[in-house]
Amino acid sequence: MAAASNRTRHPTACRFNVRLLALGLLLATLIFSGCVSLRFDRINNGADVPAPAAHLKEGTATLADALSHYGAPADIVDMEGRFALIYKKSFYQGGQISIGIPLSDLLIFQTSVKFEATGNLLRHDLLALFFTPDGILVATMYERGASNPFWGSLWK
C-alpha cells in the first residue's frame, strides 16, 4: 500500500483541443454575423392541361368536338394542310441560398466570402391534337411533367 501511495498523480489532460474549439467558435461567430438569404420561386404559365378524353377517338372526333371539350388552345400550328391544336402549361420552381461572411473586421483588406447554391426545375404539361384539313382528329400526343416534351416521339 505504501508503494501505491507514493505514486505521483498527473493532472487530467483536457479531452478537447482548445485551438479547435476556438476556431469553431470563431467560424460560428463569422457565419452568424454574416448575411444569409433564401429565395424560392414558383411560376405557373398557362392553364391546366387535361388528359386526353376517352370519347375523342382518332378518326371519328371532329375539331368542334375537341374545342367543345378542351376549349381554346394555347397555340395552333399549321403543318402543310394539316394542323395541330397545342395545349400547354409550364411549371418552374427554383431556389437559391446565399451566405456572405464579412471579413473586413478581422483583416486589413476590405473583403468578404460568399457561398451560393441554386437549383432549378422546369416541367411541361402538353397535349397536341392533330387534325386533317377536313377537321378530323388523326393523332393525339400527351405528356405530363416532362422536362423535354415529346422528345421520345421525335425518334419513332
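Everything that follows concerns the structure shown earlier in this document.
The text that follows walks through the structure, step by step, so that each part is easy to find. The residue numbers shown here count from 1 along each chain, following its written sequence. Totals for whole chains, interfaces and linings use all residues, but because this is a predicted model, local features are given only for residues with pLDDT of at least 70 and pairs of side-chain atoms are given and counted only at 80 or more. Water and hydrogen atoms play no part in the side-chain values, which are based on all heavy atoms of the structure.

1. A look at the nonpolar core
Part 1 of the reasoning: Ranked by size, the top nonpolar core spans 13 residues in total, and within it Leu 56, Tyr 70, Tyr 87, Leu 127, Leu 129, Phe 131 and Leu 137 carry the most contacts.
Part 2 of the reasoning: Listing elements by their share of this core, those giving two or more residues are helix H3 (63-70), strand S3 (82-102) and strand S4 (112-131).
Part 3 of the reasoning: Contact partners of Leu 129, with chain neighbours within four places excluded, come to Ala 66, Tyr 70, Phe 83, Ala 84, Leu 85, Tyr 87, Leu 137, Ala 139 and Thr 140.
Part 4 of the reasoning: Definition of nonpolar core: a set of buried residues of the types Ala, Val, Leu, Ile, Met, Phe, Trp, Tyr and Cys, connected through side-chain atoms within 4.5 Å. The buried label applies to any residue whose accessible area, calculated with a 1.4 Å probe on protein chains only, is under 20% of its type's maximum; exposed applies above 50%, and partly exposed to all values in between. In this structure, Ala 84, Ile 86, Ala 128 and Phe 130 belong to the second largest nonpolar core, which totals 5 residues. Only DSSP runs of H or I with at least four residues qualify as helices, and only runs of E with at least two residues qualify as strands; both kinds are numbered from the N terminus onward. In what follows, a contact means two residues having at least one pair of non-hydrogen atoms within 4.5 Å.

2. Some remarks on the pattern of salt bridges
Part 1 of the reasoning: Whenever a carboxyl oxygen of Asp or Glu lies within 4 Å of a side-chain nitrogen of Lys or Arg, that contact is scored as a salt bridge. Enumeration according to the criterion identifies 3 salt bridges in this entry.
Part 2 of the reasoning: The salt bridge involving Arg 39 is made with Asp 41; its shortest N-O contact spans 3.3 Å.
Part 3 of the reasoning: Assessed through its relative accessible area of 44%, Arg 39 is described here as partly exposed.
Part 4 of the reasoning: Between Arg 144 and Asp 125 there is a salt bridge whose closest N-O contact spans 3.8 Å. Taken together, the residues span a long stretch of sequence, with Arg 144 in strand S5 (residues 137-146) and Asp 125 in strand S4 at a distance of 19 residues.
Part 5 of the reasoning: For Arg 144, a relative accessible area of 55% gives the class exposed.

3. Digging into the packing of aromatic side chains
Part 1 of the reasoning: Stacked, tilted and edge-to-face are the three classes applied to pairs of Phe, Tyr and Trp rings, where Trp contributes its six-membered ring and a pair requires centres within 6.5 Å; stacked means planes under 30 degrees apart, edge-to-face means over 60, and tilted covers the rest. Under the defined criterion, the tally for this structure stands at 2 aromatic pairs.
Part 2 of the reasoning: Relative to Tyr 87, the ring of Tyr 70 has its centre 5.4 Å away and its plane inclined at 45°; by these criteria the two rings are tilted. Of this pair, Tyr 70 sits in helix H3 while Tyr 87 sits in strand S3; the two residues are 17 residues apart in sequence, bridging distant segments of the chain. Of the two residues, Tyr 70 and Tyr 87, both sit in the buried class.

4. Focus on the environment of Leu 122
Part 1 of the reasoning: Examined against the element boundaries, Leu 122 turns out to sit in strand S4.
Part 2 of the reasoning: Given a relative accessible area of 41%, Leu 122 falls into the partly exposed group.
Part 3 of the reasoning: A C-alpha to C-alpha distance of 9.5 Å links Leu 122 and Ile 43, two positions 79 residues apart in sequence.
Part 4 of the reasoning: Beyond its immediate sequence surroundings of up to four residues, Leu 122 is in contact with Phe 91, Tyr 92, Ala 146 and Ser 147.

5. Observations concerning the side chain of His 124
Part 1 of the reasoning: One can find His 124 in strand S4.
Part 2 of the reasoning: Classification of His 124 by relative accessible area gives buried; the value is 18%.

6. A few points about a nonpolar patch on the surface
Part 1 of the reasoning: Residues Val 36, Leu 38, Phe 40 and Ile 97 make up a contiguous nonpolar surface patch of roughly 440 Å² in combined accessible area.
Part 2 of the reasoning: Among the elements that take part in the nonpolar patch, strand S1 (residues 35-45) stands out by supplying 3 residues, more than any other.
Part 3 of the reasoning: With respect to the helices and strands, the residue Leu 38 is situated in strand S1.
Part 4 of the reasoning: Residue Leu 38 is classed as exposed on the basis of its relative accessible area, which comes to 57%. Think of a patch as exposed residues, more than 30% relative accessible area, with no salt bridge, where like charges cluster within 9 Å and nonpolar side chains (Val, Leu, Ile, Met, Phe, Trp, Tyr) cluster within 5 Å. Accessible surface area values rest on a Shrake-Rupley calculation with a 1.4 Å probe, where residue burial reflects the displayed protein chains alone.

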